[in-house]
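Geometric and topological summary
Single-letter residue listing:
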Amino acid sequence: NSDGISLNSPVITNRVNLFQGSVINSNQITLGNNGTTAAMIQIGYSALTNPGSFDVGPNFSVGSGGLSILYASALSGTTIGKEIPGTRIVDTITIANANGVSLHGGNLTLNRKLVLANGKFSTVTDTLEIASTGQVVDTGGYVVGNLRKSISVSDSLYKFEIGDMSCRTPVYLTFRNVISSGKINVSTTAGVHPNFSGSGLNTTKKLNQYYSISNNGVVFDLSDAIFNFAATDLDAGVDTSKLAVKKFGDGIWSKVQSDSQRSTSIRARELTSFSEFVVGEKALFTITANATENGSINPSGVISVESGEDERFTFSPNSGYHVDSLFVDGSYVDSGIGYTFYNISMNHTILVKFDSDFRTISSTAGMNGIINPSGEIILSKGADQQFTFTGNSGYRVDSVFVDGLLVNDSLSSYTFYNVQLNHSIYVKFVATKFPVSMTIIGGGIVIKTPDQDQYDNGTMVSLNAMPSRGWIFSAWSGDATGSVNPLDVTMDGIKNITATFILDPVYQAQYRSF
């Protein structure tokens, strides 16, 4: 009756058929006799009519026979409603509605059997759980959403009959050495994982679907997962022999050992934990490897590497050379004999520089002295080297230049410590005694006090210009100026001084007539 019926008195029955219409006052129904006979509800009957329903939940008196619900053919899809007990536990559900059935009202547990005869069983935001005593009979339908199963310590292979709204894509889990039993939840989502771009897989050669597996209490050593998919969910041009699996958990992508089973499935091997899984071709990245002269890097040049792989580079300096520095992606890295890129997910560069085991110090001296050792001095990198300076008789060190710069307080020796670079050292000598060379113009003499041929550096010498009769002193020139007489001169080098005398005009006027 498409208009439904209204119950005015209690009814006890083991079976209710809700072919179409609604049962008013459904709480007048007591379903089951608390015995061994199974209680049964059928919802729907014909693909030409909409299924029937309860307006409120009936009274359930289900005994050991259990409660079975059949969602049969109907004109439209069915949303689970009042036919489910408040315990949210049912023994058997059969899905035979090609338009599908949607879970509503919370999670649902099946103790005995889920029969997927035809159509999809969508859990929406809830979870369908198959108890440890239950099983799934898959003859054409599948679950869209969250399917949870119990994992025991004895069984090793489990099939999760799931898919998305367009096709069925079951997942198989194989466990090795289950230590503690628990539950596993599996689902699949149509479309691209929101973080796929960071997976290291090819963003244009991928499976447009991803899988989620969560663990509740199962302790195991290793697990393999076989992910099935539809060929229509692959990007155009995908080579299924190059497909790989990546795992995303706690915001991090990790490498997964994987191999293709066939053109529409792939296996992730030796998993130690579960999370979200994506499938795509491995992206190819390049590592450009170069070395400076006096050594080599192996491999060298432009190296192609698959996403997620590792690549090792070794360095071989020539005889007498060593690795000086290593730059990875332009940044300095402390590494001496080799370098490994792990879990490659981008292009890289690597440059190794070699340096000589030795350093050279160019040692020279000016005139009137020696530096020891002298010439091109070769020493091991990091060594110390001392140089000593000796002036010839009458000469001393005037100045020392290291790498072209004047060095103070280095009058007898200089030491290079922990030599890392090539250097130069130059020492200049200066005389320790100087003469005063006097030139006389006109009539007169100059008396030096003290009167010596040579003077020590820094000696003060007094010059007294004494004119002859009829002459007067005029001025100093050369290395001295002015007309101060006597003149004090500090000996800091050779002095060439001229004393100029001129005729005395007074004397000339007085004795001109003679």
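Before reading on, note that the structure itself is shown above.
In short, a report on the structure. This is a predicted model, so every value here is computed, not measured. (Residues numbered from 1 in each chain as written. Predicted model: local features only at pLDDT ≥ 70, side-chain atom pairs only at ≥ 80, totals over all residues. Heavy atoms only, no water.)

1. Section: the overall build of the protein chain
When you go through the protein chain residue by residue, the secondary structure sums to 1 helix and 52 strands. Here the C-alpha atoms of the protein chain give a radius of gyration of 52 Å, more than 25% beyond the 24 Å that 2.2 N^0.38 yields for 514 residues. Projected onto the principal axes, the alpha-carbon positions of the protein chain cover approximately 180 × 55 × 40 Å. Evaluated residue by residue, the protein chain yields a buried proportion of 41% over its 514 residues. In the protein chain, the share of contacts with a sequence separation of at least 24, taken over all contacts with a separation of at least 6, comes to 57%. Counting every atom, the protein chain has about 25400 Å² of accessible surface; 49% of that belongs to carbon and sulfur. The averaged location of the 42 negative side-chain charges in the protein chain is 7 Å from the averaged location of its 33 positive side-chain charges. (Helix = DSSP H or I, 4+ residues; strand = E, 2+ residues; numbered from the N terminus. Rg over C-alpha atoms; globule rule 2.2 N^0.38 Å. Buried < 20%, exposed > 50% of the residue type's maximum accessible area, 1.4 Å probe, protein only. Contact = heavy atoms within 4.5 Å. Areas by Shrake-Rupley, 256 points an atom, 1.4 Å probe, with all protein chains shown as cover. Lys, Arg positive; Asp, Glu negative; His and termini not counted. Charge placed at Lys NZ, Arg CZ, Asp CG, Glu CD.)

2. Concerning unusual backbone geometry
At the junction of Asn298 and Pro299, the peptide bond is cis and its omega measures out at -5° in the coordinates. One can find Pro299 in the loop between strand S30 (295-298) and strand S31 (301-306). Here the amide bond leading from Asn485 into Pro486 is cis, since omega sits at 0°, within 30 degrees of zero. Within the element layout of this structure, Pro486 appears in the loop between strand S50 (471-478) and strand S51 (487-490).

3. Side note on the pairing of strand S11 (residues 89-96)
The element S11 is extensively covered by neighbouring structure, given that 6 of its 8 residues are classed as buried. With 4 bridges connecting them, strand S9 (residues 67-71) and S11 associate as parallel partners. Within S11, the residue paired with Tyr71 across the bridge is Ile95. As paired strands, S11 and strand S13 (residues 108-118) are joined by 7 bridges and run parallel to one another. (Pairing = 2+ DSSP bridges.)

4. Topic: the packing of aromatic side chains
For the structure shown, the criterion picks out 16 aromatic pairs. A centroid spacing of 5.2 Å and a plane angle of 80° characterise the contact between Phe175 and Phe220, whose relative ring orientation is edge-to-face. With Phe175 in strand S19 (residues 171-180) and Phe220 in strand S23 (residues 219-228), this pair connects stretches of sequence that are 45 residues apart. Taken as a pair, Phe175 and Phe220 share a single burial class, namely buried. Between the aromatic rings of Phe387 and Phe416, the centroid separation amounts to 5.9 Å while the plane-to-plane angle is 85°, which identifies the pairing as edge-to-face. Of this pair, Phe387 sits in strand S40 (residues 385-391) while Phe416 sits in strand S43 (residues 413-416), and the two are 29 residues apart along the sequence. The exposure classification of Phe387 matches that of Phe416, with both residues buried. A network of ring pairs unites the aromatic residues Tyr158, Phe175, Phe220 and Phe274 as a single cluster. (Phe/Tyr/Trp six-rings, centres within 6.5 Å; stacked < 30°, edge-to-face > 60°.)

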